Amino acid sequence: MEPVSDPLPAEPSSGKILFGKYSLGKLLGRGASGKVYQAKNISTNQTVAVKCIDKSKIMKSGHVTQIEREISIMGRLQHHRNIVNILEVLATKTKIYFVMEFAKGGELFNLIEKHGRLTENLSRRFFCHLISAVRYCHSLGIFHRDLKPENLLLDGNGVLKVSDFGLSAVAEQTRNNNDGLLHTMCGTPAYVAPEILGKKGYGGAKVDVWSCGVILFVLNTGYLPFNDTNIMAMYRKIYRAQFRIPRWISPDLQRLLRRLLDPNPKTRITIDEIVRDPWFVKGGYVDGADFEEDRREMKLKSKMKSESFMNAFDIISFSSGFDLSGLFGDSCGGFYEERRLVSSADPEEIVEEVEEIAMGRRRGWRGGRRGSSTWRWWARMVIYWLGWEYTG
Ligand code: ATP
């Protein structure tokens, strides 16, 4: 990477030409280390993404090693279909530019936000892409350590691409440790493996498998397996692998999820076992050739979702993503741990629905302000009406 004089004013922006080669387009997003722009290679017309990192900012925030590591890891990774490949790294005295493949479809996270949980077929397809990328990285001794839907992008054909290797580790990092394990605490709370929390060292491959398990759960349910407004309570749930699988998940997938989210890294499923798992191999989705079919399925699902009224089953099935316990005061005791209202729909949508009913906008009922005792009474009635047991 040859530093050259800065071809741009302090802040890159749309319409600027970078190094006489890339024309910057719209801002795609911001990360902790910099902004990402859509751009076009002027001579080839290829659309790319350019991550602009301000050197002075990363010096101040102590992210230098992280960026250096990301550059060196991306250099080790050859072209892989399921990884956001770096095309080149450019630098000036003040900035570093990562020129990457452009992932037109954006974050997988947005797809779940927009459409809710995916069908098992579609989630299998994305999971196969994810495992293919992770398997490739592990074969090179590279562990991602921050796998989550926000770091999984989609290209224009719906092919999943793993991005953001900023927290990755390489196998050599374990060589200086007597136990051959990694010790750095890292990752995103909800996706972090129990052994990282245990602080006794961990294997990079096993923690990636755990995160893949959390991702697979999210894809199929639309919510996190371990969640709590209190972070320590969430960590306790992760440590004990305390999660519940909803009834709509097929028995084969339930089995796989339990093996992925095994709190004991020694008995947790390995990548080689995953690729032989009955649920994984079903449908032969490895090369994702049938995306058109999946897209039609998604469209249909989204139409059905907008047309259907949320039913009682949706609300009563298990989830850790939605908690109405605050409605019932402090007297509920064990209620908080054991009984939760759950749905594949957005929590906001459910709250709105319950409020609508409680405030009398549905069924001609009148009165009741949000937070008032009338509202609480109506909320309890609605829960009773849904057939859900309330003991508070
Ligand atoms: P960081 O750890 O640096 O904070 P981040 O995942 O929060 O990482 P970036 O990797 O900097 O953020 O990316 C910011 C956003 O830009 C992403 O969330 C994504 O929406 C978008 N983006 C990043 N890379 C690409 C790409 N290659 N193609 C399309 N969009 C991208």
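Looking at an unreviewed UniProt entry, the chain carries the name non-specific serine/threonine protein kinase, with the source organism given as Stephania yunnanensis. Reading the Sequence similarities (unreviewed entry) entry of the UniProt record for the chain gives the comment "Belongs to the protein kinase superfamily. CAMK Ser/Thr protein kinase family. SNF1 subfamily."

Taken together, 18 residues form the shell around the ligand, and within it Ala 32, Glu 101, Ala 103, Glu 107 and Asp 164 come nearest. In the model, a nitrogen atom of the ligand is placed 2.9 Å from a nitrogen or oxygen of the Ala 103 main chain. The separation between an oxygen atom of the ligand and a polar side-chain atom of Asn 151 is 3.3 Å. Across the complex, the protein chains shield 84% of the 610 Å² of accessible surface that the ligand would expose by itself. Here the ligand occupies the largest pocket. Among the secondary structure elements, those contributing two or more residues to the shell around the ligand are β2 (22-30), β4 (47-54) and β6 (95-101). Looking at side-chain class alone, the shell around the ligand contains 9 nonpolar, 4 polar and 5 charged residues.

Below, the discussion takes up empty space enclosed by the protein. Scanning the model with the defined rule gives 2 cavities of 30 Å³ or more in all. In this structure, the second largest cavity encloses a volume near 40 Å³. Along its surface, the second largest cavity is lined by Ala 133, Val 134, Cys 137, His 138, His 144, Leu 147, Val 162, Phe 165 and Asp 208. When residues in the lining of the second largest cavity are grouped by element, the largest group, 4 residues, is from helix α4 (residues 120-139). Within the lining of the second largest cavity, the residues separate by chemical class into 6 nonpolar, 2 polar and 1 charged.

The subject of this paragraph is the sheet that holds strand β10 (residues 160-162). If you trace the 3 strands from one edge of the open sheet to the other, you get β7-β9-β10, paired in antiparallel fashion. If you trace the sheet from one side to the other, it starts and ends with β7 (106-107) and β10, each paired once. Pairing of β7 with strand β9 (residues 152-154) involves 2 bridges; the strand directions are antiparallel. Looking across to β9, one finds that Gly 106 is bridged to Leu 154. Across the sheet, α4 touches β9 and β10, and the angle it forms with β10 is around 35 degrees.

Vacant regions in the atomic arrangement are exposed by a probe of water-molecule size rolled over the atoms. Size it by volume and the largest pocket reaches roughly 920 Å³. Around the largest pocket sit 39 residues that line it, and Val 36, Glu 107, Glu 150, Leu 153 and Ser 163 are the ones nearest its centre. Sorting the residues of the lining of the largest pocket by element identifies β2, β3 (34-41), β4, α2 (64-76), β6 and β7 as the ones contributing at least two each. For the lining of the largest pocket, the element with the most residues is β2, which contributes 4 residues.

The antiparallel open sheet is built from 6 strands, whose spatial order is β1-β2-β3-β4-β6-β5. Looking at which strands have only one partner, the edges of the open sheet turn out to be β1 (17-18) and β5 (86-91). Bridging between β2 and β3 involves 6 bridges; their strand directions are antiparallel. In the strand pairing of β3, Ser 23 is matched with Lys 40. This element, α2, spans β4, β5 and β6 of the sheet and lies at about 35 degrees to β6.

Bringing the packing of aromatic side chains into the picture now. With the rule as written, the count across this model stands at 7 aromatic pairs. Plain terms: the ring middles of Phe 19 and Tyr 97 are 5.8 Å apart, the flat faces sit at 85 degrees to each other, and that makes the pair edge-to-face. One end of the pair, Phe 19, is in the loop between β1 and β2; the other, Tyr 97, is in strand β6, and 78 residues separate them in sequence. Taken together, Trp 210, Phe 217, Tyr 223, Phe 226 and Phe 243 form an aromatic cluster joined through their ring pairs. The ring of Trp 248 carries Arg 117 above its face, with NZ or CZ at 3.9 Å from the centroid. For Arg 124, the ring lying beneath its charged end belongs to Trp 279, and the centroid distance is 4.6 Å.

Another aspect to go through is the pattern of salt bridges. In the structure shown here, the tally under the stated rule is 10 salt bridges. Where Asp 272 meets Arg 135, a salt bridge forms, and the shortest distance between an N and an O atom there is 3.3 Å. Separated by 137 residues along the polypeptide, Asp 272 in helix α9 (residues 271-274) and Arg 135 in helix α4 bring together distant segments of the chain. A residue is classified by how much of its surface remains accessible, and Asp 272, at 43% relative accessible area, is partly exposed.

A separate point is the environment of Val 99. Tracing the backbone shows Val 99 in strand β6. Among the residues examined, Val 99 registers a relative accessible area of 0% and is labelled buried. Separated by 12 residues in the primary sequence, Val 99 and Leu 87 have C-alpha atoms spaced 5.4 Å apart. Residues in contact with Val 99, not counting those within four places in the same chain, are Tyr 22, Val 48, Ala 49, Val 50, Asn 85, Ile 86, Leu 87, Glu 88 and Leu 90.

What follows concerns the pairing of β4. Counting buried positions along β4 yields 7 of 8 residues, so the element is predominantly enclosed. In this structure, β3 lies alongside β4, joined through 7 bridges in antiparallel fashion. Along β4, the bridge assignment pairs Tyr 37 with Val 50. Between β3 and β4, which pair antiparallel and follow one another directly, the connecting turn spans 5 residues, one of which, Asn 45, has a positive phi of 70 degrees. Pairing of β4 with β6 involves 7 bridges; the strand directions are antiparallel. Counterpart to Val 50 in the pairing with β6 is Val 99.

Analysis parameters
- Residues numbered from 1 in each chain as written.
- Predicted model: local features only at pLDDT ≥ 70, side-chain atom pairs only at ≥ 80, totals over all residues.
- Heavy atoms only, no water.
- UniProt positions renumbered as here; feature names shortened; annotations may be inferred.
- Near = heavy atom within 4 Å.
- Polar contact = N/O pair within 3.5 Å; in protein donor to acceptor, adjacent residues only side chain to side chain.
- Areas by Shrake-Rupley, 256 points an atom, 1.4 Å probe, with all protein chains shown as cover.
- 1 Å grid on protein atoms, 1.4 Å probe; cavity = no way out; pocket = protein on both sides within 12 Å on 5 of 7 lines; lining within 4 Å.
- Sits in = over half its atoms within 2 Å of the grid points.
- Helix = DSSP H or I, 4+ residues; strand = E, 2+ residues; numbered from the N terminus.
- Nonpolar A, V, L, I, M, F, W, Y, C, P; charged D, E, K, R; others polar.
- Points joined across faces, edges and corners; volume = space filled by probe spheres on them.
- Pairing = 2+ DSSP bridges.
- Contact = heavy atoms within 4.5 Å.
- Axes fitted to C-alpha atoms, helices over the stretch in contact; angles between N-to-C directions.
- Phe/Tyr/Trp six-rings, centres within 6.5 Å; stacked < 30°, edge-to-face > 60°.
- Lys NZ or Arg CZ within 6 Å of the ring centre and 35° of its normal.
- Salt bridge = Lys/Arg side-chain N within 4 Å of Asp/Glu carboxyl O.
- Buried < 20%, exposed > 50% of the residue type's maximum accessible area, 1.4 Å probe, protein only.

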